[in-house]
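Breakdown of the fold
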Amino acid sequence: MASSFRDPDGCLLTLDNRVLRFVNRSGEANLNAFLASEAARTAFASGKIVTTYRLDLNATGARDLICVGAEPQASDDIVAALEHERITFQSFPYEWTPAMLFAAGSLTLDLAEACLSEGFGLKDATPYNVLFRSSKPVFVDLLSFERRDPNDPLWLPYAQFVRTFVLPLLANEQLGLGLDQIFLTRRDGLEPEEAYRLCGFAKRLRPPFLTLVSIPTWLNRTSDSKGESVYRQRRMSHEAQATFVLQRLFRRLRNQLEKAQPHEPKTSSWTTYMNSAENFPPKYLSDKEEFLTKTLVEFKPRRLLDVGCNTGHFSRIAAGAGVEVVAIDQDAHVVDEVWRQAAAQNLDILPLVVDLTRPSPAAGWRNSEHESFLMRAEGYFDAVLMIAVVHHMLVTERIPLSEILRLAAQLTTDLLLIEFVPTDDLMFRRLTRGREHLFEWLTNDIFRQACLQEFHIIRSHQLGATNRWIYLLRKKCQ
Amino acid sequence: MVDEGLFLNSAILTSKNFLLYTDPGAGSLLWQLLLASFIGGAFYVRLMARRIRQRMTSFRKAEATSDLLDTGTSQTE
């Protein structure tokens, strides 16, 4: 059971695979008005907002469940209950690629703009309001919509949007900060003051840093002397003028978001790996493809985790066979490529930047707001793919083979497809760099014996003319 | 000084404190106020320009109509 507790208008409860949202009296009018609006109908129809049903409050037994962590008076105050479609595999901004964060930011701006003409606004603008349904972003926080004062020319979440979307993208693109570095340690993104400290003198004076980072930092220094007056509401005399101002502010934010996003797919040593003939002797790749395809046809897994997915070649084969795929890799550039292709081809692939040797930890208050990657993954997948990845864990991370197989058995409920790479393999030798003696014990027989501790071997196959082998394993019953 | 000087052109009323949910970031809020002030001014400039254009158009139309009438009258004469 998990709950959210920051929003005074309601809270979220995850209970037995159901996602329930309870609405307080303070949020009821806004919610009803928004649900009746044309903007809401359009957003629901296009899948931009998570599918939601209204529940009979008394039938849910809600008052007995009510929100762990909510203020004591909140449970008496609940007036409505909603049930959201469950986005099956949750992901968080620290696991996204920059292109995914950009897509989430664009969706947030789309919705803020779309509901403006009907007199609604978003009261917050954070990537935590967005989840990814396969490769498509979907807005999940219905209580973010509120009626706005038609004469108010300001968008109050402007600063939060800059902190959590624009500055992280900019810091990633121009300062080389990873999204995990930003979001794992900061719930509310990167403050302009922090970005200011990271910039050199020249950068501070150049756009877009000048208006996004430097001017807000300088103005912030003067704001202390103004006290509370800074936070007074400003109203314009004409509604049309306030709407005109907001439209221009949104347009400006969109331009800044677009300028901050990575424009061309970045390359790393792994982005070209699949294109290098040196890595793929004759029949090696086609044997693996055939082995995977045969497995997919024969066992029809429903959910597959592709560990070390690289540019997603095998993920796309699985998704093409109707399997829901979560593809992970530690290299953000290759994951970015997987996301671009999955989004363009509308494939059921959720690509995430996750290193299985140090997976995302649980985060937030009491480590209970965002589950760790392993907590989310355990028991979710009925097939795990570990193709050409085990030797990286063994050599680079020095994880014992038995531990790798134990984790694989924890992640899959049924099948494991795993590749054995021998110590005399070119790729293996590239990784060991003079440490070959540490792995002299590793032979195909030892690998097979280790697999048998946790799994039954269904079949194995030598790949082309190499000494590499691929195994299809079935988890032993506990 | 920044926010006091804002919105001269847009008759801003300072009424009450915001009912804030997220941290508005004082520096970012002031920057947004500055932007809103400039854009609000641009709104009036556009409005004025449109009115002047409309006036000019209606003036030209009226002139053209009177010219036509004049021409018609002289031809009749």
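Thresholds, definitions, all that
- Residues numbered from 1 in each chain as written.
- Chains lettered and ligands numbered in written order.
- Predicted model: local features only at pLDDT ≥ 70, side-chain atom pairs only at ≥ 80, totals over all residues.
- Heavy atoms only, no water.
- Helix = DSSP H or I, 4+ residues; strand = E, 2+ residues; numbered from the N terminus.
- Rg over C-alpha atoms; globule rule 2.2 N^0.38 Å.
- Buried < 20%, exposed > 50% of the residue type's maximum accessible area, 1.4 Å probe, protein only.
- Areas by Shrake-Rupley, 256 points an atom, 1.4 Å probe, with all protein chains shown as cover.
- Lys, Arg positive; Asp, Glu negative; His and termini not counted.
- Charge placed at Lys NZ, Arg CZ, Asp CG, Glu CD.
- Polar contact = N/O pair within 3.5 Å; in protein donor to acceptor, adjacent residues only side chain to side chain.
- Contact = heavy atoms within 4.5 Å.
- Domains from an automatic or database assignment.
- Expected span 1.5 Å × (residues − 1).
- Pairing = 2+ DSSP bridges.
- Axes fitted to C-alpha atoms, helices over the stretch in contact; angles between N-to-C directions.
- Parallel < 35°, antiparallel > 145°, perpendicular 65-115°, else oblique.
- Left-handed = near helix turned anticlockwise from the far one by under 90°.
- Nonpolar A, V, L, I, M, F, W, Y, C, P; charged D, E, K, R; others polar.
- Salt bridge = Lys/Arg side-chain N within 4 Å of Asp/Glu carboxyl O.
- Patch = residues over 30% accessible without salt bridge, like charges linked within 9 Å, V, L, I, M, F, W, Y side chains within 5 Å.

What chain A contains, in helices and strands, is 20 helices and 17 strands. The C-alpha atoms of chain A give 25 Å as radius of gyration, which agrees with the globular expectation for 478 residues (23 Å, within 12%). With 478 residues in all, chain A has 54% of them scored as buried. Counting every atom, chain A has about 20600 Å² of accessible surface; 50% of that belongs to carbon and sulfur. For chain A, the separation between the mean place of its 55 positive charges and that of its 59 negative charges on side chains is 3 Å.

Let us look at the side chain of Ser 37 of chain A. All names here are of chain A. Tracing the backbone shows Ser 37 in the loop between helix 1 (25-35) and helix 2 (38-45). Here the side chain of Ser 37 touches Ala 40 through a polar contact of 3.2 Å, landing on its backbone nitrogen. Among all residues touching Ser 37, those that are not within four sequence positions of it are Glu 118 and Phe 120.

According to the domain assignment, chain A consists of domain 1 (1-86), domain 2 (89-263) and domain 3 (276-475). The distance between the C-alpha centroids of domain 1 of chain A and domain 3 of chain A comes to 38 Å.

Turn by turn, an α-helix covers 3.6 residues, leaving residues three or four places apart pointing in a common direction. Residues and elements named next belong to chain A. When the terminal C-alpha atoms of helix 15 (residues 332-345) are compared, their 20 Å separation across 14 residues agrees well with the 20 Å that a helix rising 1.5 Å per residue should span. Turning to helix 15, its buried residues are Val 334, Val 335, Asp 336, Val 338, Trp 339 and Ala 342. For helix 15, the capping residue at the N-terminal end is Asp 331, with a side-chain oxygen 2.8 Å from the backbone nitrogen of His 333. Asn 346, located one to two residues past helix 15, shows a positive phi value of around 55°.

All names here are of chain A. Sheet architecture is open: seven strands sit in the order 13-12-11-14-15-17-16, paired in mixed fashion. Edge positions in the sheet fall to strand 13 (349-353) and strand 16 (455-462), since each of these pairs with one other strand and no more. Strand-to-strand, the axes of this sheet are offset by a mean angle of 15°, without reference to chain direction. In this structure, strand 15 (residues 412-420) lies alongside strand 17 (residues 469-475), joined through six bridges in antiparallel fashion. Pairing of Leu 416 across the sheet is with Leu 473, part of strand 17. Where helix 14 (residues 313-320) meets the sheet, its contacts fall on strand 11 (303-307), strand 12 (324-329), strand 13 and strand 14 (381-386), and the angle it forms with strand 12 comes to roughly 170°.

Next up on the list: the packing of helix 7 (residues 158-175) of chain A against helix 12 (residues 239-260) of chain A. All names here are of chain A. Where helix 7 contacts helix 12, the axes come no closer than 8 Å and their chain directions differ by 25°. By the criterion of interaxial angle, the relationship of helix 7 to helix 12 is roughly parallel. The element helix 7 and its partner helix 12 pack so that their crossing is left-handed. Contact residues: Tyr 158, Phe 161, Val 162, Phe 165, Val 166, Leu 169, Leu 170 and Glu 173 in helix 7; Leu 253, Gln 256, Leu 257 and Ala 260 in helix 12. Residue classes in the contact of helix 7 with helix 12 are distributed as 10 nonpolar, one polar and one charged.

With that settled, the discussion passes to the pattern of salt bridges. Residues and elements named next belong to chain A. Under the defined criterion, the tally for this structure stands at 26 salt bridges over all chains. Among the salt bridges present, the one from Arg 41 reaches Glu 38, with a minimum N-O distance of 3.3 Å. Placement of both Arg 41 and Glu 38 in helix 2 is noted, with a separation of three residues, approximately one turn of the helix. Glu 324 is paired through a salt bridge with Arg 303; the nearest N and O atoms lie 3.5 Å apart. A residue pair is termed long-range when its members are at least 10 positions apart, and Glu 324 in strand 12 and Arg 303 in strand 11 qualify at 21 residues. Like Arg 303, Glu 324 is buried. Through salt bridges with shared partners, a single ionic network connects Lys 48, Asp 110, Glu 113 and Arg 254.

This part is about the environment of Ala 363 of chain A. Residue and element names in this part refer to chain A. Mapped onto the elements, Ala 363 comes out in the loop between strand 13 and helix 16 (373-377). Under the relative-accessibility criterion, Ala 363 is labelled buried at 11%. C-alpha of Ala 363 to C-alpha of Leu 184: the two residues are 179 residues apart in sequence and 7.3 Å apart in space. When near neighbours in sequence (up to four residues on either side) are disregarded, Ala 363 contacts Tyr 94, Ser 368, Glu 369 and His 370.

Let us now look at a nonpolar patch on the surface. Residues Phe 201, Leu 205 and Trp 218 of chain A make up a contiguous nonpolar surface patch of roughly 330 Å² in combined accessible area. Locating Phe 201 of chain A in the fold gives a position in helix 10 (residues 201-205).

All names here are of chain A. With four bridges connecting them, strand 7 (residues 130-133) and strand 8 (residues 136-139) associate as antiparallel partners. Residue pairing in the sheet places Arg 133 in a bridge with Lys 136 of strand 8. If you look at the hairpin formed by strand 7 and strand 8, you'll find two residues sitting between the two strands, and Ser 134 has a positive phi there, around 50°.

Right, let's talk about the packing of helix 6 (residues 98-116) of chain A against helix 15 of chain A for a bit. When two helices pack together, their arrangement is given by the angle between the helix axes and the distance between those axes. All names here are of chain A. Relative orientation of the contacting elements helix 6 and helix 15 amounts to 45°, with a least axis distance of 8 Å. Regarding the angle of helix 6 to helix 15, the classification is oblique. In contact with Pro 98, Ala 99, Met 100 and Ala 103 of helix 6, helix 15 contributes Asp 336, Trp 339 and Arg 340. Of the residues in the contact of helix 6 with helix 15, the class split is five nonpolar, no polar and two charged.

This part covers a positive patch on the surface. The grouping of Arg 251 of chain A together with Arg 46, Arg 50 and Arg 53 of chain B at the surface amounts to a positive patch. Residue contributions to the positive patch peak at three residues, all from helix 1 (residues 26-76) of chain B. Look at Arg 46 of chain B and you get partly exposed, because its relative accessible area is 42%.

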